[in-house]
Amino acid sequence: MTDLDGRTALVTGGASGIGAACARELAGRGASVTVADIDDVGAKDLAQEIGGTAWAVDLLDVEALESLQLNTDILVNNAGVQSISEIAEFPPERFRMMMTLMVEAPFLLIRAALPHMYRGGFGRVINISSVHGLRASPFKVAYVTAKHGLEGLSKVTALEGGPHGVTSNCINPGYVRTPLVTKQIADQAKTHGIPDDQVITKILLKESAVKRLVEPEEVGALAGWLASPAAGMVTGASYTMDGGWSAR
């Protein structure tokens, strides 16, 4: 498909996992993609693969983002981290860091991108949220809080951007087969007191009707459609890709 020919796109956390799948999908549709990641080498490798550009960036350096101007038509806010701990033991500095990375940084990037989108009368903001943007789980206080905040940011962006041809939506996957999820397994096993091999079935997929992990390419495919001209009337929405978890 070439429905994004001539468009520019920026994907944060783009060097691996969901971000890499989104970058490949958008490039495959004809967009010129900037792969933004703190992993400089990974960003350069993927950018070379898809004919894009690499941007080595630390999104926690919010002061540097405050004066940023982005000439991008499509913004995918994907960068994120996870921590597993009960509230009473959750380090406050870790909580603040996760709010910065997954709420404040997306706000600043949207703020930097909207003027260009408004001038061109076209824009797509795609926020990689989670089923945890709609539902809560214990031991994930920072992640759940951040994703709920991202949902609100996305909806306000949709309301303000609508008159200017800019849409804003969230994608809400369940557990995706990424390094972020793989890393959680040992933490979940320790927290819940069960063996590693029981975490996927008893914890990760407990509420899902479809008993498998989401593939990154499935998320990328949905992002590609949301970025396309066909999705011009889709805005302010949250698209679940959770195997039926949120249907309960």
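Up top is the structure.
Residues numbered from 1 in each chain as written. Predicted model: local features only at pLDDT ≥ 70, side-chain atom pairs only at ≥ 80, totals over all residues. Heavy atoms only, no water.

Colleague: Tell me about the pattern of salt bridges, residues and numbers included.
Modeller: One pass over the structure, following the stated rule, counts 8 salt bridges. The shortest N-O distance in the salt bridge between Asp-3 and Arg-29 comes to 2.7 Å. One end of the pair, Asp-3, is in the segment before strand E1 (8-12); the other, Arg-29, is in the loop between helix H1 (17-28) and strand E2 (32-37), with 26 residues separating them in the sequence. Its relative accessible area of 26% is what places Asp-3 among the partly exposed residues. (Salt bridge = Lys/Arg side-chain N within 4 Å of Asp/Glu carboxyl O. Helix = DSSP H or I, 4+ residues; strand = E, 2+ residues; numbered from the N terminus. Buried < 20%, exposed > 50% of the residue type's maximum accessible area, 1.4 Å probe, protein only.)

Colleague: Please provide a residue-by-residue account of the packing of H1 against helix H8 (residues 216-227), values included.
Modeller: Axis separation between H1 and H8 bottoms out at 8 Å; the angle between their running directions is 45°. If you check the angle between H1 and H8, you find them oblique. You can see that H1 and H8 cross each other, and the crossing is right-handed. Facing Gly-17, Ile-18, Ala-21, Cys-22, Glu-25 and Leu-26 of H1, the residues of H8 in contact are Pro-216, Glu-217, Val-219, Gly-220, Ala-221, Ala-223, Gly-224 and Ala-227. (Axes fitted to C-alpha atoms, helices over the stretch in contact; angles between N-to-C directions. Parallel < 35°, antiparallel > 145°, perpendicular 65-115°, else oblique. Left-handed = near helix turned anticlockwise from the far one by under 90°. Contact = heavy atoms within 4.5 Å.)

Colleague: Can you tell me about the layout of surface pockets, naming the residues and giving the values?
Modeller: A volume near 870 Å³ is recorded for the largest pocket. Element by element, the count of residues in the lining of the largest pocket is highest for helix H6 (residues 179-192), at 6 residues. By residue class, the composition of the lining of the largest pocket is 23 nonpolar, 15 polar and 8 charged. As a volume, the second largest pocket reaches approximately 220 Å³. Among the elements of the structure, H6 and helix H7 (196-204) are those that each provide at least two residues to the lining of the second largest pocket. (1 Å grid on protein atoms, 1.4 Å probe; cavity = no way out; pocket = protein on both sides within 12 Å on 5 of 7 lines; lining within 4 Å. Points joined across faces, edges and corners; volume = space filled by probe spheres on them. Nonpolar A, V, L, I, M, F, W, Y, C, P; charged D, E, K, R; others polar.)

Colleague: Outline the environment of Asn-172, listing residues and values.
Modeller: With respect to the helices, strands and loops of the structure, Asn-172 is situated in strand E6 (residues 166-173). Looking at Asn-172, the relative accessible area reads 0%, which means it is buried. The spatial distance from the C-alpha of Asn-172 to the C-alpha of Thr-8 is 24 Å, given a sequence separation of 164 residues. In this structure Asn-172 touches Ser-129, Ser-130, Val-131, Leu-134, Glu-151, Ser-238, Tyr-239, Thr-240, Met-241 and Asp-242, once residues within four positions along its chain are discounted. Separated by 2.9 Å, the side chain of Asn-172 and the backbone oxygen of Ser-130 make a polar contact. A polar contact is formed between the side chain of Asn-172 and the side chain of Glu-151, at a distance of 2.7 Å. (Polar contact = N/O pair within 3.5 Å; in protein donor to acceptor, adjacent residues only side chain to side chain.)

Colleague: Please provide a residue-by-residue account of the packing of aromatic side chains, values included.
Modeller: One pass over the full model with this rule turns up 3 aromatic pairs. Note on Phe-90 and Phe-95: the rings are 6.4 Å apart at their centroids and 85° apart in plane angle, and the pair reads as edge-to-face. Arranged with centres 5.8 Å apart and planes meeting at 20°, the rings of Tyr-175 and Trp-245 form a pair that is stacked. You can see Tyr-175 sitting in the loop between E6 and H6 and its partner Trp-245 sitting in the segment after strand E7 (238-241), a full 70 residues away along the chain. Look at Tyr-175 and you get buried, because its relative accessible area is 8%. Judged by relative accessible area, Trp-245 falls into the buried class, the value being 9%. Directly above the aromatic system of Phe-122 lies the positively charged group of Arg-7, at a separation of 3.7 Å from the ring centroid. (Phe/Tyr/Trp six-rings, centres within 6.5 Å; stacked < 30°, edge-to-face > 60°. Lys NZ or Arg CZ within 6 Å of the ring centre and 35° of its normal.)

Colleague: Hey, could you go over helix H5 (residues 141-161) for me, with residue numbers and the actual values?
Modeller: The terminal C-alpha atoms of H5 lie 30 Å apart, and with 21 residues this matches the ideal 30 Å at 1.5 Å per residue to within 8%. Of the positions making up H5, those classed as buried are Ala-142, Tyr-143, Val-144, Ala-146, Lys-147, Leu-150, Glu-151, Leu-153, Ser-154, Thr-157, Ala-158 and Gly-161. In this fold, the buried residues of H5 make contact with helix H4 (92-120), strand E5 (123-128), E6 and E7. (Expected span 1.5 Å × (residues − 1).)

Colleague: So what's going on with the pairing of E6? Which residues, and what values?
Modeller: With 8 of 8 residues buried, E6 lies mostly within the body of the structure. Burial of E6 is two-sided: the residues Val-166, Ser-168, Cys-170 and Asn-172 facing one way and the residues Thr-167, Asn-169, Ile-171 and Pro-173 facing the other way are all buried. Inspection of the sheet shows E5 paired to E6 by 6 bridges, in the parallel sense. Across the sheet, Ile-128 pairs through a bridge with Ile-171, a residue of E6. Inspection of the sheet shows E6 paired to E7 by 4 bridges, in the parallel sense. Residue pairing in the sheet places Asn-172 in a bridge with Thr-240 of E7. (Pairing = 2+ DSSP bridges.)

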